[in-house]
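Single-letter residue listing:
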Amino acid sequence: MSEGRRSSLKTELALWYGAAITLCLIAYSLAVGYFFGRHLEFELDRRVHEDIELAARSLIENAEGQPAWVGGFLGKEIEEEDGGGHWLEVWSEAGPRLLSAGTISDPGLEPLGGDKREGLRQGRTIVSGHGPLRVMTDRVVVAGRPFIIRAAVSEVGSQQQLWQLRSELVAVSLTVLILGGLGGVAIARRATGPLGRLAERARRITADHIHERIPEEPASAEIEDLRTAFNETLARLERSFEQLRRFSGDASHELRTPLTALRSVGEASLRHDHTLAEYRDVIGSMLEEVDRLTRLSDDLLTLASAETGRAHLHMGPVHLLALGREVASHLSVLAEERGQTIEVIGDPQALALGDHAALRQALVNLVDNAIKYSPEETRIVVSSGLAGDLVFLRVQDEGPGISVSAQPRVFERFFRADRQRSREMGGTGLGLSIVKLIAETHGGTVQLQSEPGHGCTFSLLLPSSTSKTAV
């Protein structure tokens, strides 16, 4: 949605609140109107039925054998009882209308059909010159003779009550809707106010003030959760910025050292003439620095590819014991130069789900570190096995170990517990960072166990290819 067409949350809340109130009012009004109408209809039917019963009690047979009312009883009693608006007719079952009376003039109802028993005691509404009437018929027996009585009651009063109720409902609904709309605006403003203040304070936090946080204030639990999440995000960003600054500084320093060495060696060799052997030594020194630069750039590219998701892993079963033997064979020459031995042991059933090349690089880094930092004539053990649903690769050396204070940082980029010795060994300071990243991309972890003077043990914990949780 474009910036100009975007609606505010406050407006949406107010509209939704108003829509909900409107729907509730409509449903309530329809229900009240329907049930009140049914009540009026029931009352009309009751009154019509009472008129029929009253007429039946007042009907007698005169001396000529014709039906008649008892002493003018009907009109007076109905008028006094209900205030008028009534009409009564007496029909013979087989003949015409015999009697009629009421408090209104003859409404001109249609004659009863041939089957006068049809629709007995069923109220219905008809329209006459006096307005709507509620009409009902019933069969009575007077002096052994059957008659049909038809009664009608005016619905004008009931219709007026119904229209009055509807008018009142409309007035009340409009009042409630207006008040509810104003209340919805107030509620929306109160609900979104903290969000606006939070957004305003968030806009003030820039890269130069990444250490600042959004202060707490009384608000709903959802706003508090949002503020907490935002502050946690800021904390992670601050750590990321700090790591980026440290990484940039360390990378610049690591790149500057071999470049400076190359420049120094080259400039020194150009100041004077040298023999062929001396030039060979100069070129050899320069190639060593080039090799260091190459390894450093390769490690940086590996980290960058893994972090940006461009590293494509070819997942499959990896035989860890065979992988350990492969790496030991590859690095055996370096170990033999220092009089060291590499021992490979493990469970032949230990199969990891992973990328063979990536896991090989991680194990090479661990074993290469063990060779570099362990004393001569020592033993390095590469082991593998099962650990529940996981499998492990473990490299144990007999080196000087790592101090307790340095252990939490050994997997950071360019961190070196012994910076001078590490540079002399040709390390880039990225090997363990790469190991950690490879372990995490495989859904595993890397752990360190070390005591100063008693060597180090690095363990790679990886998903098993036979585990139900392997993906």
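Calculation criteria
Residues numbered from 1 in each chain as written. Predicted model: local features only at pLDDT ≥ 70, side-chain atom pairs only at ≥ 80, totals over all residues. Heavy atoms only, no water. Pairing = 2+ DSSP bridges. Helix = DSSP H or I, 4+ residues; strand = E, 2+ residues; numbered from the N terminus. Axes fitted to C-alpha atoms, helices over the stretch in contact; angles between N-to-C directions. Core = buried A, V, L, I, M, F, W, Y, C linked by side-chain atoms within 4.5 Å. Buried < 20%, exposed > 50% of the residue type's maximum accessible area, 1.4 Å probe, protein only. Contact = heavy atoms within 4.5 Å. Parallel < 35°, antiparallel > 145°, perpendicular 65-115°, else oblique. Left-handed = near helix turned anticlockwise from the far one by under 90°. Nonpolar A, V, L, I, M, F, W, Y, C, P; charged D, E, K, R; others polar. Salt bridge = Lys/Arg side-chain N within 4 Å of Asp/Glu carboxyl O.

**Q** Quick one: what's the story with the sheet that holds strand E3 (residues 86-92), residue by residue and with numbers?
**A** The strand order across the open sheet built from five strands is E4-E3-E7-E6-E5, with neighbouring strands paired in antiparallel fashion. Each having just a single partner strand, strand E4 (97-102) and strand E5 (124-128) make up the two edges of the open sheet. Going across the sheet, the axis of each strand differs from the next one's by a mean of 25°, ignoring polarity. Two strands pair when backbone bridges link them, and strand E6 (residues 131-142) and strand E7 (residues 145-154) are joined in this way by 10 bridges, in the antiparallel orientation. Its bridge partner lying in E7, Arg139 is registered against Ile148.

**Q** Outline the nonpolar core, supporting the account with residue identities and numerical values.
**A** The biggest cluster of nonpolar side chains holds 38 residues, and the ones touching the most others in it are Leu320, Leu323, Leu363, Val367, Val395, Phe458 and Leu460. Of all elements in the fold, only helix H6 (320-337), helix H7 (356-373), strand E11 (379-387), strand E12 (390-396), helix H9 (431-441), strand E13 (445-450) and strand E14 (456-463) reach the threshold of two or more residues within this core. Element by element, the count of residues in this core is highest for H7, at nine residues. Within the second largest apolar cluster, 17 residues are counted, among which are Ala55, Leu59, Leu99 and Ile149.

**Q** I'd like to hear about the sheet that holds strand E9 (residues 341-346), residue by residue, with values.
**A** One open sheet accounts for five strands, arranged E9-E11-E12-E14-E13; its pairing is mixed. What marks the edges here is a single partner per strand, and that holds for E9 and E13. Pairs of neighbouring strands in the sheet enclose a mean axial angle of 15°, with direction left out of account. Looking at chain direction, E11 and E12 are connected through seven bridges and run antiparallel. Within E12, the residue paired with Gly385 across the bridge is Phe392. Where H6 meets the sheet, it contacts E9, E11 and E12, and its direction lies at approximately 180° from that of E9. Here H7 sits on the sheet in contact with E9, E11, E12 and E14, set at roughly 25° to E12.

**Q** For the packing of H6 against H7, give the residues involved together with the corresponding values.
**A** Axes are the key here: two packed helices are described by the angle between their axes and the distance separating the axes. It is at 10 Å that the axes of H6 and H7 come closest, and there the two elements cross at 40°. Classified by the angle between their axes, H6 and H7 sit oblique to one another. Between H6 and H7 lies a crossing of right-handed hand. Judged by residue contacts, Leu323, Gly324, Glu326, Val327, His330, Leu331, Leu334 and Ala335 of H6 engage His356, Leu359, Arg360, Leu363, Val364, Val367, Asp368 and Ile371 from H7. Looking at the contact of H6 with H7 residue by residue, the class counts come to 10 nonpolar, three polar and three charged.

**Q** Tell me about the pattern of salt bridges, residues and numbers included.
**A** Under the criterion given, the structure shown has 13 salt bridges. Glu50 is the salt-bridge partner of Arg46, the closest N and O atoms lying 2.6 Å from each other. Taken together, the residues Arg46 and Glu50, both in helix H1 (residues 9-58) and four residues apart, mark about one turn of the helix. Look at Arg46 and you get partly exposed, because its relative accessible area is 34%. Across the salt bridge formed by Asp106 and Arg97, the nearest N and O atoms sit 3.5 Å from each other. Note on Asp106: relative accessible area 40%, which makes it partly exposed.

**Q** If you had to explain unusual backbone geometry to someone new, which residues and values would you point to?
**A** Most of the time, phi is negative for any residue but glycine, and the peptide bond is trans. Phi at Glu377 is positive, roughly 60°, even though this residue is not glycine. Looking at the element boundaries, Glu377 is found in the loop between H7 and E11.

**Q** For the pairing of E5, give the residues involved together with the corresponding values.
**A** For E5 and E6, the ladder comprises five bridges, and the chain directions are antiparallel. Considered in E6, the bridge of Ser128 is made with Gly131. Once E5 ends, the chain turns through two residues before running back antiparallel as E6.

**Q** Break down the packing of H7 against H9 for me, citing the residues and quoting the values.
**A** One can describe the packing of H7 onto H9 by two numbers: an axis separation of 9 Å at closest approach and a directional angle of 145°. As H7 runs across H9, the sense of the crossing is left-handed. In this structure, H7 contributes Ala358, Leu359, Gln361, Ala362, Asn365, Leu366 and Asn369 to the contact, and H9 contributes Gly431, Leu432, Ile434, Val435 and Ile438.

**Q** Describe the pairing of E13, and please don't skip the residues or the numbers.
**A** Of the two faces of E13, only the one carrying Val446, Leu448 and Ser450 is buried; Thr445, Gln447 and Gln449 on the other face are not. Pairing geometry for E13 and E14, over six bridges, is antiparallel. Considered in E14, the bridge of Thr445 is made with Leu461.

**Q** Now, about the environment of Gly346: what can you tell me, with residues and values included?
**A** Within the secondary structure, Gly346 sits in strand E9. Separated by 37 residues in sequence, Gly346 and Ser383 place their C-alpha atoms 5.0 Å apart.

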